[in-house]
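Coordinate inspection notes
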Amino acid sequence: MLDAISGSWQDAQNPSPVPHVGQIGDGTSRDTLVLLCHGEGGHANLGAQVGCGLVRDVERWLGGDRVVGGCVRGSDTWCRRAGGRTVIHVTELDTELLVLLTCGGFALSGRAFPSDVSLAAAAIEGYPRAFVVADRNIELDVRRAALASTCVRGGMTPSELVVVLNDVEERATGERPFLLIGDPAAAWPCEDAYANDLRRVAVDPAGEAVVELSVDGGPASYLARSTSEVFIRTTARVTAKPCSSRLVAARALLHARELSLAIAVAIETAIGRRHDDVRRMLAGARDHVRTTLDVAAGTVAMIERAGVWNPEVERALGALTDSVAQWDATAASLIAPMLGDGFAQVFSPLFPIEHAEDGTCDRCAASLVTQRGSVGSGVELISCITRCPTCGLRAAWFEGAAKLTAHVELKRRDIRVSLIYSCDPARGHTAVALVDKSTGLVAATTCRNLADGAVEVLHIPSTIGADLHVVHAIVAQDLCVAYSRSRLVCGPRP
């Protein structure tokens with residue numbers, strides 16, 4: 001098997017891929033030759049070589065005239081696609097079965113270039129007695145080539161191979177592009193050393209369930225999945241068990257993080273109106289989240305196409321979780337010093353939807369009113385703001401994300417802040433700040449992990465005067481921020 005895209009070679013002496021050296025058209029007789037390469041119907045890009053589909057001595061237009069500067073066979077061999085590379089004529093490949101995995105390999109009508117040069121015609125006219133090829137563009141996946149090679153080594157006939165390749169392709173793309181040209185009824189050789197290295201594990205015939213593979217006796221490298229089987233290269237016993245619920249959970253996490261990124265953008269945009277440096281630092285942390293999210297989404301998409309669980313997704317989701325936690329920590333540490341500078345405007349809706357009474361204020365017993373509205377960030381993002389007619393703003397959060405309530409009480413020279421939040425206490429970060437009413441400056445602040453506890457203690461500095469001061473609190477979790485504001489009469493204590 002030649003993987004001309006990566007330049008690797010596998011055969012009976014090299015069951016594991018090795019760098020390809022030498023020539024495939026060196027006169028060596030082979031039972032089977034599998035080629036994975038780029039092509040366009042008339043030529044195949046084989047790395048240091050080019051496979052030419054010239055059938056006669058010279059290339060001719062479909063009308064019969066000779067193509068000036070076209071391909072020539074003989075003492076003055078020339079190929080218009082060679083570009084200095086060695087020319088291999090497909091008609092001279094000494095192999096019984098040729099499996100050509102390239103785009104448009106079965107092209108006889110000059111669709112790509114109106115001449116009589118054709119890989120399919122050359123294979124039919126040449127040595128191969130059976131030729132497997134696709135009649136349209138296909139995904140050039142090395143696992144397809146490895147599957148074809150292993151199936152033939154395990155004793156499959158060309159007709160059986162075409163069925164397997166089409167089953168796998170149908171599972172991935174909904175198409176059945178592979179064709180067999182030649183004599184499928186003839187006896188085909190089987191190399192005993194490879195007779196047992198392919199396992200075909202039966203799965204849900206509907207082809208919908210995702211399966212997790214377990215191997216008894218050694219690791220397995222899955223090659224592909226059809227609608228009813230998974231193909232594994234191993235000599236050990238392999239079993240498959242459904243794990244669709246894990247894929248559903250992974251999808252839900254990715255969807256939630258995608259929505260959270262929209263909230264993060266809205267927060268950064270609002271902060272940037274006054275603190276562009278903070279916005280840039282948060283955007284940098286968010287870019288890292290975007291990268292890890294894309295990697296995880298790509299791995300999940302591979303599982304969806306293949307129907308086989310890939311352990312790599314767990315590492316990808318772990319990296320995503322770590323990057324989200326880093327954004328949360330960055331947000332809490334950067335927002336804490338600016339809590340007295342109009343941070344609540346982050347939640348201000350551009351398009352108010354409704355107002356509703358929402359309990360009573362724990363300080364003055366007045367009725368609280370919560371306003372819901374769209375923040376207009378390009379997604380359906382709803383913010384909620386609770387206000388007291390006497391104390392002013394009390395809380396703000398994004399619908400569907402964490403909500404925070406803070407209860408404050410004076411303890412001699414300290415302020416005890418009890419946080420009540422509707423989120424997972426195992427992750428996230430909090431920041432609490434005491435803002436001097438007379439100066440509008442942050443007089444005291446704390447910032448720590450949410451898992452460290454729900455009670456924060458602020459030490460009242462001696463420089464603060466007696467007044468109705470403000471205690472701000474936030475919780476940052478999963479790219480979202482919830483906010484609480486409380487008022488408290490305090491001042492210097494003896």
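Residues numbered from 1 in each chain as written. Predicted model: local features only at pLDDT ≥ 70, side-chain atom pairs only at ≥ 80, totals over all residues. Heavy atoms only, no water.

**Here we look at the sheet that holds strand β1 (residues 2–3)**
Taken in spatial order, the seven strands make up an open sheet running β3-β2-β1-β4-β9-β10-β11, and their pairing is mixed. At either margin of the open sheet sits one strand with a lone partner, and together these are β3 (18–19) and β11 (178–182). Here β1 pairs with strand β2 (residues 8–9) via two bridges, running antiparallel. Paired with L2 across the two strands is W9, which belongs to β2. Contacts between helix α2 (residues 142–153) and the sheet are confined to β1, β4 (30–36) and β9 (95–101), with β4 contributing the most and set at about 170° to the helix. Where helix α3 (residues 158–173) meets the sheet, it contacts β9, β10 (130–134) and β11, and its direction lies at approximately 170° from that of β11. (Pairing = 2+ DSSP bridges. Helix = DSSP H or I, 4+ residues; strand = E, 2+ residues; numbered from the N terminus. Contact = heavy atoms within 4.5 Å. Axes fitted to C-alpha atoms, helices over the stretch in contact; angles between N-to-C directions.)

**Digging into the nonpolar core**
One finds I271, W327, I335, F343 and Y483 to be the most contacted residues of the largest nonpolar core, which totals 51 residues. Of all the elements in the fold, those that place two or more residues in this core are α4 (244–272), α5 (276–306), α6 (312–335), β20 (392–398), β23 (429–435), β26 (467–477) and β27 (480–490). With 10 residues, α4 is the single largest residue contributor to this core. Once residues lying within four places of it in the same chain are set aside, the contact partners of Y483 are L339, F343, A344, F347, L393, R394, A395, A396, L404, H472, A473 and I474. One finds M1, L97, C151 and V152 within the second-largest nonpolar core, a separate group that totals 27 residues. (Core = buried A, V, L, I, M, F, W, Y, C linked by side-chain atoms within 4.5 Å. Buried < 20%, exposed > 50% of the residue type's maximum accessible area, 1.4 Å probe, protein only.)

**Here's the deal with the side chain of T95**
Along the polypeptide, T95 turns up in strand β9. For T95, a relative accessible area of 2% translates into the label buried. A distance of 3.4 Å separates a polar atom in the side chain of T95 from the backbone oxygen of R30. At 3.0 Å, the side chain of T95 and the backbone oxygen of L97 are in polar contact. Once residues within four sequence positions are removed from consideration, T95 is found in contact with R30, D31, T32, L33, Y127, P128 and R129. (Polar contact = N/O pair within 3.5 Å; in protein donor to acceptor, adjacent residues only side chain to side chain.)

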